[in-house]
Amino acid sequence: MTSVVYSTATTLTGQLADERHSLSWLFAVDSEGPDRAAFLSGIGVLVSGSSTYEWVLREEDLLAHPEKWPEYYGDRPMVVFTTRDLPVPEGADVRFVRGAVTDALPAIRAAAGGRDVWVIGGGDLAGQFDDVGELDRLELTYAPATLAGGMPLLPRQIGPDRLVLRDVRRYGQFAHLSYDLRR
Ligand SMILES: NC(=O)c1ccc[n+]([C@@H]2O[C@H](COP(=O)([O-])OP(=O)(O)OC[C@H]3O[C@@H](n4cnc5c(N)ncnc54)[C@H](OP(=O)(O)O)[C@@H]3O)[C@@H](O)[C@H]2O)c1
C-alpha cells in the first residue's frame, strides 16, 4: 500500500535550511547519512514545494546539465506545488500543480505506481498533507547543528497521541528518527 513519507535532514532546532535557503550546516557534517539508494528504491514519486525545487535546480545546475537529473531521481516523476511558471531540465518528468493537496493527491498516488510518495519538503507542504490526513511517516535525519532561524521542519502542532516512534538509528554524527503518524 502506498504511504506518504516526509523524509528530510534537519537541524536540532527544527530547520530545513537557513533564511537564505542554505544547507551549509548540513554539508559541513563529516558523516554519511542513511542509504539514499535504499530509500529511493521504495519511492515511486517525489513531491516538492517550489523553493525546494528551485534549490535543487540551482545547487546542481540542472538546467545546464539535465543529464544529472536521472542520477539523482531516476525516471521518477516529481510533482512540484507552485503558482508560478518554472523551468524544467530537459527530459525530466516534472509536473506542476497548485492548490489543495486533496485535488492533486489522486494523480500523485497514481504516479507512485504502488510504491511510496516522498514529500521532500518544505515543511509547510508536508503540513498541508497532514492537514488533510494524508501524511503517514516521518523520516528525520538530525544533523549536529542549530540555527537561530530558517525554514521550518514542520510548522504544525502534532502531539504524542499521533506520533509513534518506530526506529532510531545512528549514522556517524547523524541521528535518524522514524515516526508513524496516526491519522
Ligand atoms: N534539509 C533538507 O534535506 C531539505 C529538504 C527539503 C527542503 N529543504 C530546503 O528547505 C527550504 C524550504 O523552503 P520553503 O519553506 O519555502 O518550502 P517549499 O515547500 O520548498 O516552497 C514553498 C513554496 O511552494 C509553493 N507552494 C507550496 N504549497 C503550495 C500549494 N498548495 N499550491 C501552490 N503552490 C504551493 C509556494 O510558492 P510559489 O507559489 O510562489 O511557487 C510556496 O511559497 C528550501 O530552501 C529547501 O531547499 C531542505
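This is a predicted model, so every value here is computed, not measured.

Draft legend 1. Inspection of the layout of surface pockets at higher detail. Computed from the structure, the largest pocket encloses a volume of approximately 1,700 Å³. Along the wall of the largest pocket there are 47 residues; nearest its centre are Ser7, Thr8, Ala9, Leu26 and Trp118. With six residues, the top contributor of residues to the lining of the largest pocket is helix H3 (residues 50–59).

Draft legend 2. Spotlight on the nonpolar core. Of all hydrophobic cores here, the largest spans 28 residues; its most connected members are Tyr6, Val47, Phe81, Ile108, Phe129, Leu135 and Leu138. For this core, the elements supplying multiple residues, two or more each, are strand E1 (4–10), strand E3 (43–49), strand E4 (78–81), helix H5 (101–112), strand E6 (116–121), helix H6 (123–131), strand E7 (137–142) and strand E10 (174–181). With six residues, the single largest contributor to this core is H5. Among residues more than four places away in sequence, those in contact with leucine 138 are Tyr6, Leu154, Leu163, Leu177, Ser178, Tyr179 and Leu181. Core analysis: the next-biggest nonpolar cluster, separate from the first, contains 26 residues, Leu26, Leu40, Leu62 and Met78 among them.

Draft legend 3. Just unusual backbone geometry, in detail. Residue glycine 121 is joined to glycine 122 through a cis peptide bond whose omega torsion reads 0 degrees. By the secondary structure assignment, glycine 122 is in the loop between E6 and H6. Even without being a glycine, histidine 21 presents a positive backbone phi close to 65 degrees. Structurally, the position occupied by histidine 21 is in the loop between strand E2 (15–17) and helix H1 (24–27). With a phi angle near 50 degrees, aspartate 61 is a residue other than glycine that sits in the positive phi range. Residue classification places aspartate 61 among the partly exposed positions, given a relative accessible area of 41%.

Draft legend 4. Focus on the side chain of serine 50. Structurally, serine 50 can be placed in helix H3. For serine 50, a relative accessible area of 15% puts it in the buried group. Here serine 50 is in contact with Val80, Phe81, Thr82, Arg84 and Leu86, once residues within four sequence places are set aside.

Draft legend 5. Structural detail: the pairing of E1. Most of E1 sits inside the fold, with seven of its seven residues counted as buried. Burial of the side chains of E1 extends over both faces: Val4, Tyr6, Thr8 and Thr10 are buried on one face and Val5, Ser7 and Ala9 on the other. Across three bridges, E1 lies against E6 in parallel orientation. Residue pairing across strands places tyrosine 6 opposite valine 119, the latter belonging to E6. Inspection of the sheet shows E1 paired to E7 by six bridges, in the parallel sense. Residue threonine 8 lies in a different strand from E7, and its bridge partner there is leucine 140.

Draft legend 6. Main features of the pattern of salt bridges. By the definition in use, this model includes 12 salt bridges. The residue arginine 162 makes a salt bridge to aspartate 130 at a minimum N-O spacing of 2.7 Å. Note that arginine 162 is positioned in the loop between strand E8 (151–152) and strand E9 (163–171) and aspartate 130 in helix H6, a separation of 32 residues in sequence. For arginine 162, a relative accessible area of 18% gives the class buried. Its relative accessible area of 10% is what places aspartate 130 among the buried residues. Across the salt bridge formed by arginine 166 and aspartate 180, the nearest N and O atoms sit 3.1 Å from each other.

Each value, and the rule that gives it
Residues numbered from 1 in each chain as written. Predicted model: local features only at pLDDT ≥ 70, side-chain atom pairs only at ≥ 80, totals over all residues. Heavy atoms only, no water. 1 Å grid on protein atoms, 1.4 Å probe; cavity = no way out; pocket = protein on both sides within 12 Å on 5 of 7 lines; lining within 4 Å. Points joined across faces, edges and corners; volume = space filled by probe spheres on them. Helix = DSSP H or I, 4+ residues; strand = E, 2+ residues; numbered from the N terminus. Core = buried A, V, L, I, M, F, W, Y, C linked by side-chain atoms within 4.5 Å. Buried < 20%, exposed > 50% of the residue type's maximum accessible area, 1.4 Å probe, protein only. Contact = heavy atoms within 4.5 Å. Pairing = 2+ DSSP bridges. Salt bridge = Lys/Arg side-chain N within 4 Å of Asp/Glu carboxyl O.

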